[in-house]
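# Coordinates in review
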Amino acid sequence: MARVALRVWVALIVLFLLFPILLIALYAFNESNVQSWPLPGLSTKWFASTFHNEAMRQALWLSVRAALIATTIAIVLGSMAAFAVHRFRFFGRETVSFLLVLPLALPGIITGMALNSFFAWGTVDFSLTTIVIGHATFCIVTVYNNALARLRRTQTSLVEASMDLGADGWQTFRHVTLPMVATALVAGGLLAFALSFDEVIVTTFTAGAQNTLPLWIFGNIRLGQQLPQVNVVVLMVIVVTIVPVTLAQRLTRDTGVLRTGTGRGRADASTHAAVAAEPAP
Amino acid sequence: MSEVQPDPRGAPAPAVSARGLRKVYGDVVALARLELDVWPGEFFTLLGPSGSGKTTTLRLIAGFERPDAGGVALDGVDVTSRPPYQRDVNTVFQDYALFPHMTIAENVAYGLMVNGVGRRARAARAAEALRLVQLAELGARKPIQLSGGQRQRVALARALVNRPRVLLLDEPLGALDLKLRQDMQLELKRIQRELSEDVTFVYVTHDQDEALTMSDRIAVFSTGRIEQVGTPREIYERPANEFVAGFVGTSNVVARDGRRCTVRPEKIRLLPPDAAAPDGELSELGVVREVVYLGATTRYVVALDNGETLVAMRQNDESEDGAASEERGRRVRLAWRAQHMTAVDGFAAADAQREHEEVPQ
């Protein structure tokens, strides 16, 4: 009895979470341009018209470029920061760690306003660069957290074993450390891409007159324009974000991290958090 | 504590030598001025309780740690400031430290790869090393697919593939169950014999049976210093002090003529209380407090009339011989030969050691 009740409850929660998304997906195939119920008929005509929408295409292209560049920066800087914090004991190490993770906890509106004031103060024109800088602030964290979590649950003796067998620092990094964290870096990068691709708040303050895809959606919904096309785009964004997030979860689940009987290098297996795919440090 | 001992085989320099080695972590002295010489081809064991400095010594020899004072020399060459990858030693780690993303063959060939050995030679030597540890057919597997005992062998093969002058083993059998551990002890001895005289084994363990089973010589560690260095027989029969007597075997300490002395349980015979003490033997009267049946042997804890306690051990090979007289609460006479008694007070320790070294083996 309790089991049945529990299942019904879970089903209700899942429905509550997914119903609005299903509704949008359905509206994307709506024949009419008026969102009324029941749907007068089904059609794929909005897909064609959406793809011919020049403003939408420009927004999409801007979003893709911003996400790719921000992700690249995040992978490079995030992994370097993780290696440094993990490997060395230096003055201000805890502070660096805290400052890196801060943008995740900080409301986006504060990050956005701060960057906006900074760019204005430095008379920096809004461009792709300013968007990328804004996105990189929180993208770095996802890569950093993933890489650091992986490093922390990797046996320290692996690095020692490599050096012991004759590998210098660079060889050890190339053949042991990097392969051990590679999947964590890819997972962090995929999450960073997904975060960047649908970011609205920080982008609002750093994009100026440009439109990223989420800003285009936001603007059209606010003005009540081109709603059928918005539905199509939203459906597309959902698909584009679900794929990397799912991949990221896959990658962090089977890490092949060895657990020996001595109890070292044991890690908790909670790799299901949506934002930080590996247990946060 | 230990003096530099001459090499029995007349090698020009010790395979490993530590001079005044000191290591401090915070305010804990892990090693206090350690002196150590290991001769080429020896199976040398560092034995001691956890925190006694034996693993620190091993890590200093491997180069994972830098000493706060003193130095390490390999074959007479000072390597104190060299990183691990420039020392001709390889290590078998306690947790094996196999690379999880590589196959067994790749793990074993790793040392050859980073040292620039060609692909074909690499494969051949890795296969040879795997044959040595009897895992020739598992090269294509990943470490996670192996049992603990198999991983242990892979770790051994990987450390041996570079043909190091010195092999360091950090409690390599610690994670295995008893039966497997005993098999591997013999296996390690076989492998060492097969590898010719060249490879020196330095082995860390807290298990006294393991140390006695495998070693040519043993260094007994306690709180960052060496209490005694000697063959298993010397360590067991002539412990230098009370710590060694207690850590290797049962501490059976009694006072005699104002000195603290120890006698091993199996040297003590149990006699009826009215029996006369045999000529040239020491004897004491007492009451059996505890009888512990151990299968092959039985342990008797005897409270002596003078207030001291001794443990006696006897083989269970004569079932009819006075079983009744050995039960709890019975009075017994304990007898042992004078030469089986060793003084273990600090002052006498050096004496006993020196005296024994003069006796030819």
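Quick caveat, the model's predicted, so the values are computed rather than measured.

## Description of the overall build of chain B
Along its length, chain B carries nine helices and 18 strands. The proportion of buried residues among the 361 residues of chain B is 54%. The contacts of chain B with a sequence gap of at least 6 include a subset with a gap of at least 24, amounting to 65%. Surface accessibility of chain B: about 16,400 Å² in total, with carbon and sulfur atoms responsible for 50%.

## Topic: the environment of A:Asn146
Tracing the sequence through the fold places A:Asn146 in helix H6 (residues 128-152). Put simply, A:Asn146 and A:Thr183 are 37 residues apart on the chain and 9.3 Å apart in space, counted from C-alpha to C-alpha.

## Some words on the pairing of strand E11 (residues 253-256) of chain B
Both faces of the sheet carry side chains from a regular strand, because those side chains alternate between them. In the sheet, E11(B) pairs with strand E12 (residues 259-263) of chain B via four bridges, with the strands oriented antiparallel. Along E12(B), the bridge assignment pairs B:Ala255 with B:Arg260.

## What about helix H3 (residues 119-132) of chain B?
Because an α-helix packs 3.6 residues into every turn, residues spaced three or four apart end up facing the same way. Residues and elements named next belong to chain B. The end-to-end C-alpha distance of H3 is 20 Å, a good match for the 20 Å that 14 residues give at a rise of 1.5 Å each. What H3 keeps buried is the set Arg 122, Ala 126, Ala 129, Leu 130 and Leu 132. Along the axis of H3, the buried positions cluster into a sector of 150 degrees, meaning they face one direction only. Of the exposed residues in H3, those oriented more than 90 degrees away from the buried face are Arg 120 and Arg 131. Once H3 ends, the next one or two residues include Gln 134, with phi positive near 65 degrees.

## Examining the sheet that holds strand E1 (residues 16-25) of chain B
Residues and elements named next belong to chain B. Spatially, E2-E1-E4-E5 is the arrangement adopted by the four strands of the open sheet, whose pairing is antiparallel. Strands with a single pairing partner mark the edges of an open sheet, and in this sheet they are strand E2 (28-38) and strand E5 (77-78). Judged from the five bridges that link them, E1 and strand E4 (residues 69-74) form a sheet pairing that is antiparallel. If you follow Ala 18 over to E4, its bridge partner there is Val 72. Contacting E1, E2 and E4, helix H1 (residues 54-62) crosses the sheet at an angle of about 65 degrees to E2.

## Focus: the interface of chain A and chain B
The interface of chain A with chain B comprises 26 residues on the first partner and 30 residues on the second. Run the count over chain A and chain B and you get one salt bridge. Looking at the side of chain A that touches chain B, the elements with two or more residues in it are helix H7 (156-164) and helix H8 (169-197) of chain A. Across the side of chain A that touches chain B, the residue classes tally to ten nonpolar, eleven polar and five charged.

## Concerning H8(A)
Residue and element names in this part refer to chain A. Taking 1.5 Å of rise per residue, the 29 residues of H8 would be expected to cover 42 Å, yet its terminal C-alpha atoms sit only 37 Å apart, more than 12% below that figure. Largest kink in H8: about 50 degrees, centred on Leu 178, with the proline Pro 179 one to four residues after it. Sitting at the head of H8, Asp 168 places a side-chain oxygen 3.2 Å from the backbone nitrogen of Trp 170.

## Regarding the sheet that holds strand E13 (residues 269-271) of chain B
Residues and elements named next belong to chain B. The strand order E13-E17-E14-E15-E16 describes an open sheet built from five strands, whose pairing is antiparallel. Both edges of this open sheet fall to E13 and strand E16 (309-315), since each of them pairs with a single strand only. Between one strand axis and the next, the sheet turns through 45 degrees on average, direction left out of account.

## Remarks on the packing of aromatic side chains
This model, assessed by the stated rule, comprises twelve aromatic pairs over all chains. Above the plane of the ring of B:Tyr236 lies B:Arg264, whose end atom (NZ or CZ) is 4.2 Å from the centre.

## Focus on the packing of H8(A) against helix H2 (residues 104-114) of chain B
How two helices pack is summed up by the angle between their axes together with the distance between the axes. Contact geometry of H8(A) with H2(B) gives a least axis separation of 12 Å together with a crossing angle of 150 degrees. Classified by the interaxial angle, the pair formed by H8(A) and H2(B) is roughly antiparallel. In this structure, H8(A) crosses over H2(B), and the sense of that crossing is right-handed. Facing H8(A), whose interface residues are A:Gln171, A:Thr172, A:His175 and A:Val176, H2(B) presents B:Tyr110, B:Met113 and B:Val114.

## Some details on unusual backbone geometry
Residue and element names in this part refer to chain B. Within the chain, Arg 33 stands out as a residue other than glycine whose phi angle is a positive 45 degrees. Along the chain, Arg 33 turns up in strand E2. Residue classification places Arg 33 among the exposed positions, given a relative accessible area of 56%.

## Considering the pattern of salt bridges
Scanning the model with the defined rule gives 20 salt bridges over all chains in all. One salt bridge in this structure joins A:Glu54 and A:Arg57, with 3.9 Å as the shortest N-O distance. Within this pair, A:Glu54 and its partner A:Arg57 are both found in helix H3 (residues 54-87), separated by three residues, close to a single helical turn. You can call A:Arg57 partly exposed: its relative accessible area is 41%. Here the residues in one salt-bridge network are A:Glu160, B:Lys23, B:Arg59 and B:Glu65, joined through shared partners.

Criteria and thresholds
- Residues numbered from 1 in each chain as written.
- Chains lettered and ligands numbered in written order.
- Predicted model: local features only at pLDDT ≥ 70, side-chain atom pairs only at ≥ 80, totals over all residues.
- Heavy atoms only, no water.
- Helix = DSSP H or I, 4+ residues; strand = E, 2+ residues; numbered from the N terminus.
- Buried < 20%, exposed > 50% of the residue type's maximum accessible area, 1.4 Å probe, protein only.
- Contact = heavy atoms within 4.5 Å.
- Areas by Shrake-Rupley, 256 points an atom, 1.4 Å probe, with all protein chains shown as cover.
- Pairing = 2+ DSSP bridges.
- Expected span 1.5 Å × (residues − 1).
- Arc of directions from axis to C-beta.
- Axes fitted to C-alpha atoms, helices over the stretch in contact; angles between N-to-C directions.
- Salt bridge = Lys/Arg side-chain N within 4 Å of Asp/Glu carboxyl O.
- Nonpolar A, V, L, I, M, F, W, Y, C, P; charged D, E, K, R; others polar.
- Bend = angle between axes of the 7 residues up to and from the residue.
- Polar contact = N/O pair within 3.5 Å; in protein donor to acceptor, adjacent residues only side chain to side chain.
- Phe/Tyr/Trp six-rings, centres within 6.5 Å; stacked < 30°, edge-to-face > 60°.
- Lys NZ or Arg CZ within 6 Å of the ring centre and 35° of its normal.
- Parallel < 35°, antiparallel > 145°, perpendicular 65-115°, else oblique.
- Left-handed = near helix turned anticlockwise from the far one by under 90°.

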